[in-house]
Amino acid sequence: MSNEDDKTFFSEFIDAELTQIKISQFIVHFVFVEGYEVAVESSFEHLNESNELVSHFDVYGQTKDVTVHQLLGAKVVNVHSDEDILHIGFSYGGSIKIFPKKQPYESYAVYLKEKHYVV
């Protein structure tokens, strides 16, 4: 997708409220009340309002630091993709940054109703 296509696609994501975080063996689902979802099969970082690292979570890694529950109930205030790194900012001031894998498998997918964005 081009940057303009990204902006158009992700604009629907603004104000979506994070209601669930589901963690399974090889995937983490961020579920939003509007029926939107982000499925992560790679790694992500949870950053605080000062853009400082709170925790790093690798779906396939040994350490499972989970702090993103602090974002439950927050709404998306900004979202963009930069070189396949997905940035999602929340109303509580924190954010998550999702990284692509260096493997030929899906890294993450964003589902907005009937539209999909897969990396």
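Residues numbered from 1 in each chain as written. Predicted model: local features only at pLDDT ≥ 70, side-chain atom pairs only at ≥ 80, totals over all residues. Heavy atoms only, no water.

1. With respect to the overall build of the protein
Turning to step 1, where the next piece is worked out: A count of helical and extended segments in the protein gives one helix and ten strands.
Turning to step 2, where the next piece is worked out: Across the 119 residues in the protein, those meeting the buried criterion constitute 41%.
Turning to step 3, where the next piece is worked out: When contacts within the protein are restricted to residue pairs at least 6 apart in sequence, long-range pairs at least 24 apart make up 46% of them.
Turning to step 4, where the next piece is worked out: Carbon and sulfur atoms make up 47% of the accessible area of the protein, which amounts to about 6,600 Å² in all. (Helix = DSSP H or I, 4+ residues; strand = E, 2+ residues; numbered from the N terminus. Buried < 20%, exposed > 50% of the residue type's maximum accessible area, 1.4 Å probe, protein only. Contact = heavy atoms within 4.5 Å. Areas by Shrake-Rupley, 256 points an atom, 1.4 Å probe, with all protein chains shown as cover.)

2. Thoughts on the environment of Phe57
Turning to step 1, where the next piece is worked out: Structurally, Phe57 can be placed in strand S5 (residues 53–58).
Turning to step 2, where the next piece is worked out: Residue classification places Phe57 among the buried positions, given a relative accessible area of 3%.
Turning to step 3, where the next piece is worked out: Along the backbone, Phe57 and Glu45 are twelve residues apart, and their C-alpha atoms lie at a distance of 6.2 Å.

3. Re the side chain of Thr67
Turning to step 1, where the next piece is worked out: For Thr67, the position within the fold is in the loop between S5 and strand S6 (76–82).
Turning to step 2, where the next piece is worked out: Of the residues examined, Thr67 reaches a relative accessible area of 17% and is grouped as buried.
Turning to step 3, where the next piece is worked out: When near neighbours in sequence (up to four residues on either side) are disregarded, Thr67 contacts His46, Val54 and Ser55.

4. Quick word on the packing of aromatic side chains
Geometry of an aromatic ring pair is reported as the spacing of the ring centres plus the angle between the planes.
Turning to step 1, where the next piece is worked out: Inspection of the entire model under this criterion finds four aromatic pairs.
Turning to step 2, where the next piece is worked out: For the pair Phe30 and Phe44, a centre-to-centre distance of 5.4 Å together with 75° between the ring planes defines the contact as edge-to-face. Separated by 14 residues along the polypeptide, Phe30 in strand S2 (residues 28–32) and Phe44 in strand S4 (residues 43–47) bring together distant segments of the chain.
Turning to step 3, where the next piece is worked out: Taking the relative accessible area as the measure of exposure, Phe30 reaches 1% and is therefore buried.
Turning to step 4, where the next piece is worked out: On the numbers, 5.0 Å between centres and 20° between planes, the contact of Phe44 with Phe57 is stacked. Of this pair, Phe44 sits in strand S4 while Phe57 sits in strand S5; the two residues are 13 residues apart in sequence, bridging distant segments of the chain.
Turning to step 5, where the next piece is worked out: A network of ring pairs unites the aromatic residues Phe13, Phe32 and Tyr36 as a single cluster. (Phe/Tyr/Trp six-rings, centres within 6.5 Å; stacked < 30°, edge-to-face > 60°.)

5. Some words on the sheet that holds strand S8 (residues 95–99)
Turning to step 1, where the next piece is worked out: Read from one edge to the other, the open sheet built from five strands follows the order S5-S4-S8-S7-S6, with strand pairing classed as antiparallel. Of all the strands in the sheet, just S5 and S6 have a single pairing partner and so form its edges. Each adjacent strand pair in this sheet contributes to an overall mean axis angle of 15°, direction not counted.
Turning to step 2, where the next piece is worked out: Where strand S7 (residues 85–90) and S8 come together, four bridges link them in antiparallel fashion. In the sheet register, Gly89 faces S8, and the bridge partner there is Ser95. (Pairing = 2+ DSSP bridges. Axes fitted to C-alpha atoms, helices over the stretch in contact; angles between N-to-C directions.)

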